[in-house]
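Tertiary structure, described
Residues per chain, in single letters:
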Amino acid sequence: MGWKFDFATGSSSGVYRVAGSTWAFAFRYYSPQRRCRLQSAVAARAESMAKPRTHQFDTLTLHAGAVPDPATGARATPIYQTTSFVFPDTDHAAALFNMERAGHIYSRISNPTCAVLEERIAALEDGVGAIATASGQAALHLAIVTLMGAGSHIVASRALYGGSHNLLAFTLPRFGITTTFVDPRNLDEWRSAIRPETRLLFGETLGNPGLDVLDIPRVAALAHDHRLPLLVDSTFTTPWLVRPFDHGADLVFHSATKFLSGHGVLIGGLLVDSGRFAWDAADARGKFATLTEPYPGFHEMVFVEESTTAAFLLRARREGIRDFGACMAPFTAFQLLQGIETLPLRMAKHVDNTRKIVAFLREHPLVGAIGYPELPEHPDHALAQKLLPRGSGAVFSFDLKGTREQGRRFIESLKLFSHLANVGDAKSLVIHPASTTHFRMSAEDLRKAGITEGTIRLSVGLEDPEDLKEDLSRALHAAGKA
Amino acid sequence: MRVRVGDYGVYAYTGSRLPDRTAPNIVFVHGSANDHSVFALQSRYFAYHGRNVYAVDLPGHGNSEGEPLRNVETLADWLIAFFNAAELKEVTLVGHSLGSLAVLEAAARHPERVSRLALLGTAVPMAVNDQLLAAAAANDHVAFELINGWSFSAKRLLGGNPWPGMWMTAQAMRLMERVRPNVLYADLVACREYTNGLRAAAGVWCSSLMLLGARDVMTPAKAARDLTATLRDVSVVTLDCGHSMMSEQPDAVLDALREFLR
């Protein structure tokens, strides 16, 4: 009982008991000067609060996820080349293992260098988080096995990278997961392929190799009508050209080996979660048991209860990365971070150079169809204008008129374009898909994927475009004489 | 865990554990347009360290049914109704932001049910910016953007999440985007219109912890001074973070709670 007055704050409070009831009071005295100061402070705060505090894309490419190293002050993200991390005490160790504290245990599960990269790509894609993997293929595999097991089904675009097609068509069926491939432009095919056991829809932002533009808003809407997530391979576009989450996709993965890295020196993958898909929605109940039912492999954890927005990533890290083990090396993550720092500059130059090369090829008599969505004759031209206003990337295919021998002569005559199985390097690249990346596909599958014997795929780099045109011109001339 | 409070189902996260009736109880109460998951790490820790944990989803939030409650006093009474439904005789209450006001009021109204009180990211009165309130009233996404921009310290707006691989501002945004229309507005109005804070503080008899963010612009640390001066048995811990302290400084928040509950 009684009251007190605090001279420092000018506040007074107390408690009294009157007629069996307890009465409490509190008030604060404000001098006129103090009131004036407070009003000014409130006004200043309101002014500073006028607009949301955010950072733009280019800033995030340099800073997201990274702070100067607290131990040394190093500005660049250090390479934490260590398998494991010392626990302060046994209670702390147990808490880390049981997901009661944040931190690192073992670099297969997480690593500080990789974590910076994961935050950075999540920031650029506007996702809630990401997991860095050993390759793009590992990212695709991780997404699938996190969501489903034997007996499940996927509906996927037919215009996929050959490696993805292999995984879905030949490898996963051995483990009981089957896929129906559909024409990415035909929404009815997507719809009619969905079955009760379907757990995922999957396509590429720009299909390989014909650059079919995935109509992300419409395919995502279809997926959501069936309470299914849409996974998008955004390797060819990177978040600088399109952010699939802005258009309704739920999960995104990258072969970070390509444009994100940009220098052809590493193999890596990134899997990003938008955090928007409601895995436990009433009408999806039972579909995603890996996320909504107790998991014996982690203290009966129910992932959607632990995290409302990142249940998918929790399971992917606590099971998929832990058990399958396809993690990224810290040095790879470091190199990727260096690449991403210049992503906006590089992508702008890639696209600019590509436009010049396409314009050059379009005028050449030995060149047939060119599959580049910025051309009016491309079937997805209008869609590309809408989804890819900054450009349709730097990888495209064209048909060389002539024989198989002329195709061989063309590729072997190039000096600046390197003949190899990659895209998205700073250097220009060339390949003949029918005999390399897509050689396992049947003639029928090749035809359905828009590939002919004469299809040539270019990945346009950052060289001077005049030099690239000269190189192509010389090789086309040689092919013409063959 | 699910119980019924009145006509509506209520969800509370328990760390996937069954209650031990001999163990002490902690109830965690989230803030505006949030749910139980904002306390994910801290609540899980206590669930595995000898306590029964109930991180509730307030009515109209997360997995709980019903409409959001319109004022702090009603929230306080609802908390007591939840204790009754969950058969909790005495609890430690931990509340963040709006949740801190609800637990403060509950502790004052029902001192016999509350053994300790932890107020995280709190202020009395809890001012709400006019532009923010107007955006929330219009269910404009800008309201979420404003909150997100003000809830993290400038440093953390660029990441550096202690939780590996998670981009905390997008996590916070997605959580708010899940609430139904008008929920954020109702929560903000409840914060703004609550005028009983100091009176309630004067009526709190148990020991209290105030956990404040030195870089909090939603509930600035200095806005909690009157509360500090009024609470009878209070310890104050100030962390180097913004309003979203459980995300920015999960271990520091946990350690402060551990010390307080030791």
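Residues numbered from 1 in each chain as written. Chains lettered and ligands numbered in written order. Predicted model: local features only at pLDDT ≥ 70, side-chain atom pairs only at ≥ 80, totals over all residues. Heavy atoms only, no water.

Attention now moves to the overall build of chain B. Looking only at helices and strands, one finds eleven helices and eight strands in chain B. Dimensions of chain B, computed from the C-alpha atoms along their principal axes, are close to 45 × 40 × 40 Å. Looking at chain B as a whole, 65% of its 262 residues qualify as buried. In chain B, the share of contacts with a sequence separation of at least 24, taken over all contacts with a separation of at least 6, comes to 75%. (Helix = DSSP H or I, 4+ residues; strand = E, 2+ residues; numbered from the N terminus. Buried < 20%, exposed > 50% of the residue type's maximum accessible area, 1.4 Å probe, protein only. Contact = heavy atoms within 4.5 Å.)

This part takes up the interface of chain A and chain B. Taken residue by residue, the interface counts 68 residues in chain A and 60 residues in chain B. Taken together, both faces of the contact between chain A and chain B bury some 5100 Å²; the carbon and sulfur share is 51%. Looking only at chain A, the three residues that lose the most surface to chain B are Arg53, Glu100 and Arg101 of chain A, adding up to 14% of its buried area. Our enumeration of links across chain A and chain B arrives at six salt bridges. For Asp91 of chain A, the salt bridge is made with Arg258 of chain B, and the minimal N-O distance between the two is 3.9 Å. Sort the elements by how many residues they give to the side of chain A that touches chain B and helix H4 (residues 112-125) of chain A lands first, with five residues. Class assignment of the residues belonging to the side of chain A that touches chain B gives a composition of 30 nonpolar, 20 polar and 18 charged. (Buried area = accessible area lost by both parts, 1.4 Å probe. Salt bridge = Lys/Arg side-chain N within 4 Å of Asp/Glu carboxyl O. Nonpolar A, V, L, I, M, F, W, Y, C, P; charged D, E, K, R; others polar.)

Formed by 134 residues in total, the largest nonpolar core has its most connected members in Ile144, Trp279, Leu361, Phe396, Phe398, Phe410 and Leu458 of chain A. Two domains each provide a minimum of three residues to this core, namely domain 2 (57-340) and domain 3 (344-481) of chain A. Not counting residues up to four positions away in its chain, the partners in contact with Leu458 of chain A are Ile357, Leu361, Ala394, Val395, Phe396, Phe398, Phe417, Leu429, Val430 and Leu472 of chain A. By size, the runner-up hydrophobic cluster in this structure holds 66 residues, among which are Val72, Leu88, Val128 and Leu212 of chain B. (Core = buried A, V, L, I, M, F, W, Y, C linked by side-chain atoms within 4.5 Å. Domains from an automatic or database assignment.)

All names here are of chain A. On average, chain A scores 90 in pLDDT, and the residues at 70 or more come to 89%. For residues 5-11, every residue scores under 50 in pLDDT, and the model assigns this stretch 18 contacts once sequence neighbours within four places are set aside. The low-confidence segment residues 15-27 (pLDDT under 50) makes 37 contacts with residues lying over four places distant or belonging to another chain. (pLDDT = per-residue confidence, 0-100.)

Right, let's get into the packing of H4 of chain A against helix H13 (residues 330-341) of chain A. Residue and element names in this part refer to chain A. At a closest axis distance of 8 Å, the pairing of H4 and H13 adopts a crossing angle of 35°. Note on packing geometry: the crossing formed by H4 with H13 is left-handed. From H4, Thr113, Cys114, Val116, Leu117, Arg120 and Leu124 reach across to H13, where they touch Pro330, Ala333, Phe334, Leu336, Leu337, Ile340 and Glu341. For the contact of H4 with H13, the residue count by class is ten nonpolar, one polar and two charged. (Axes fitted to C-alpha atoms, helices over the stretch in contact; angles between N-to-C directions. Left-handed = near helix turned anticlockwise from the far one by under 90°.)

Turning our attention to the sheet that holds strand S11 (residues 367-371) of chain A. Residues and elements named next belong to chain A. Taken in spatial order, the five strands make up an open sheet running S11-S12-S15-S14-S13, and their pairing is mixed. The sheet is open, and its two borders are formed by S11 and strand S13 (418-419), each paired with just one other strand. Examined bridge by bridge, strand S14 (residues 429-431) and strand S15 (residues 455-459) share three bridges and lie antiparallel to one another. If you follow Leu429 over to S15, its bridge partner there is Ser459. Taken strand by strand, helix H14 (residues 343-362) contacts S11, strand S12 (395-400) and S15, and its axis lies near 10° from that of S12. (Pairing = 2+ DSSP bridges.)

Another point: the packing of aromatic side chains. The geometry of an aromatic ring pair is captured by the separation of the ring centres together with the interplanar angle, meaning the angle of the planes. Residues and elements named next belong to chain A. A full pass over the atoms with the stated rule returns 14 aromatic pairs over all chains. Residues Phe202 and Phe253 carry aromatic rings whose centres are separated by 5.9 Å and whose planes lie at 35° to one another, so their mutual orientation is tilted. Of this pair, Phe202 sits in strand S7 (residues 198-204) while Phe253 sits in strand S9 (residues 251-255), and the two are 51 residues apart along the sequence. The exposure classification of Phe202 matches that of Phe253, with both residues buried. Where Trp279 meets Phe288, the ring centres are 5.1 Å apart and the plane angle is 75°; that geometry is what we call edge-to-face. Of the residues examined, Phe288 reaches a relative accessible area of 0% and is grouped as buried. Three or more aromatic residues link up through ring pairs in this structure, and these residues are Phe277, Trp279, Phe288 and Phe312. (Phe/Tyr/Trp six-rings, centres within 6.5 Å; stacked < 30°, edge-to-face > 60°.)

Bringing unusual backbone geometry into the picture now. The linkage connecting Val124 of chain B with the following residue, Pro125 of chain B, adopts the cis geometry, with an omega of -5°. Take Pro125 of chain B: it is sitting in the loop between strand S6 (114-120) and helix H4 (130-137). Backbone geometry at Glu300 of chain A places phi at a positive 55°, although glycine is not the residue there. Here Glu300 of chain A lies in the loop between helix H10 (289-292) and helix H11 (303-306). The exposure class assigned to Glu300 of chain A is partly exposed, which follows from its relative accessible area of 40%.

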